[in-house]
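# Per-entry structural report
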Amino acid sequence: MSTNNREFDFFALMASLEAHMPSGRKPVQSILFGNEEKTYEAMYRQIAEGHQCYIVCPLVDKPDSESMENVESVDETYQKATDYFQTHHPSVKIAAITGKTKKVEQQEILNAYVAGNIHILIATTIVEVGVNVPNATVMVIKNAERFGLAQLHQLRGRVGRSSTQSYCVLLS
């Protein structure tokens, strides 16, 4: 997040919405963070406990413009995460989907994720609505400053869908 007002607005909004959660659910802990490697290790701890994670990126492909050079695409994030986990935790299974992924392949990947056969799903906001995986306990949102509050709220809502503590990490 680029300004303190915007950070405050997000966290204040999330706190006000927690009062309307279904019974038995714990509030999702939101964390603003900048260290990707430590985030990966935190994700692995959740995976080791049997849970799953999302990583959401604002772009499908590598950006062409200089103003977007620090924004990672799904493809770049998939490569980076795959390299990291193959080196440190090779049992972790990772998949990626975007709006450009063929519908049949999207469904196959989502079915595998729902079944627990994929530990980390890297995506664009395609997972913003309609995806219910109670076993997913971590939502990492890369370049979180590129999303609006409504999108951040929707994305954060993909975790915390069970009685297990869940986390939303805003990487910025």
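The preceding data block contains the structure.
A few points on the structure. Every value quoted in this text rests on a predicted model; they were computed, and no experiment measured them. Note that residues are indexed from 1 along each chain, following the sequence as it is written. Only residues with pLDDT of 70 or above have their local features reported here, since the model is predicted, and side-chain atom pairs are shown and tallied only from 80 upward, although totals for entire chains, interfaces and linings are computed over all residues. Side-chain measures here rest on the full set of heavy atoms in the structure, leaving out hydrogens and waters.

### Some words on the overall build of the protein
Assigned secondary structure in the protein consists of five helices and six strands. Counting from the amino terminus, helix and strand elements in the protein follow one another as α-β-α-β-α-β-α-β-β-α-β. When the 172 residues of the protein are sorted by exposure, 43% land in the buried category. What makes two residues a contact is simply this: any of their non-hydrogen atoms within 4.5 Å. Contacts in the protein between residues far apart in sequence, at least 24 positions, make up 73% of those at least 6 positions apart. Numbered from the N terminus, helices here are DSSP runs of H or I no shorter than four residues, and strands are runs of E no shorter than two. Remark: exposure states derive from per-residue accessible area (1.4 Å probe, protein chains only) relative to the maximum for the residue type, with buried under 20%, exposed over 50%, and partly exposed in between.

### Side note on the packing of helix 2 (residues 36–48) against helix 3 (residues 74–88)
Lines fitted to C-alpha atoms define the axes here, with helix axes fitted over just the stretch in contact, and angles between the N-to-C directions of these axes take values from 0 to 180 degrees. For the pair helix 2 and helix 3, interaxial distance at closest approach is 11 Å and the crossing angle is 60°. The handedness of the crossing between helix 2 and helix 3 comes out as right-handed. Each of Glu36, Glu37, Tyr40, Glu41 and Tyr44 in helix 2 lies in contact with helix 3, whose residues at this interface are Thr77, Lys80, Ala81, Tyr84, Phe85 and His88. In this classification, Asp, Glu, Lys and Arg are treated as charged, Ala, Val, Leu, Ile, Met, Phe, Trp, Tyr, Cys and Pro as nonpolar, and every other residue, Gly included, as polar. Looking at the contact of helix 2 with helix 3, its residues break down into five nonpolar, two polar and four charged. In this scheme the crossing of two helices becomes right-handed for a clockwise turn of the near helix relative to the far one and left-handed for an anticlockwise turn of less than a right angle.

### Focus: the packing of aromatic side chains
In summary, the pairing rule links any two rings of Phe, Tyr or Trp, Trp by its six-membered ring, whose centres are within 6.5 Å, and it sorts them by plane angle into stacked for under 30 degrees, edge-to-face for over 60 and tilted for everything else. Evaluated as defined, the whole model comprises four aromatic pairs. Pairing tyrosine 84 with phenylalanine 85 gives two aromatic rings, centres 5.3 Å apart and planes at 85°, and the pair type is edge-to-face. Comparing tyrosine 84 with phenylalanine 85, the two get one shared label, buried. Every member of this aromatic cluster is reached through a ring pair, and the members are Tyr40, Tyr84 and Phe85.

### Describing the environment of valine 60
Looking at the secondary structure, you find valine 60 in the loop between strand 2 (52–56) and helix 3. The partly exposed category is assigned to valine 60, whose relative accessible area is 23%. Counting along the chain gives 65 residues from valine 60 to threonine 125, while the straight-line C-alpha distance between them is 9.8 Å. Those residues within four positions of valine 60 in sequence are excluded, and the remaining contacts are Ser73, Val74, Asp75, Thr98, Lys100 and Thr124.

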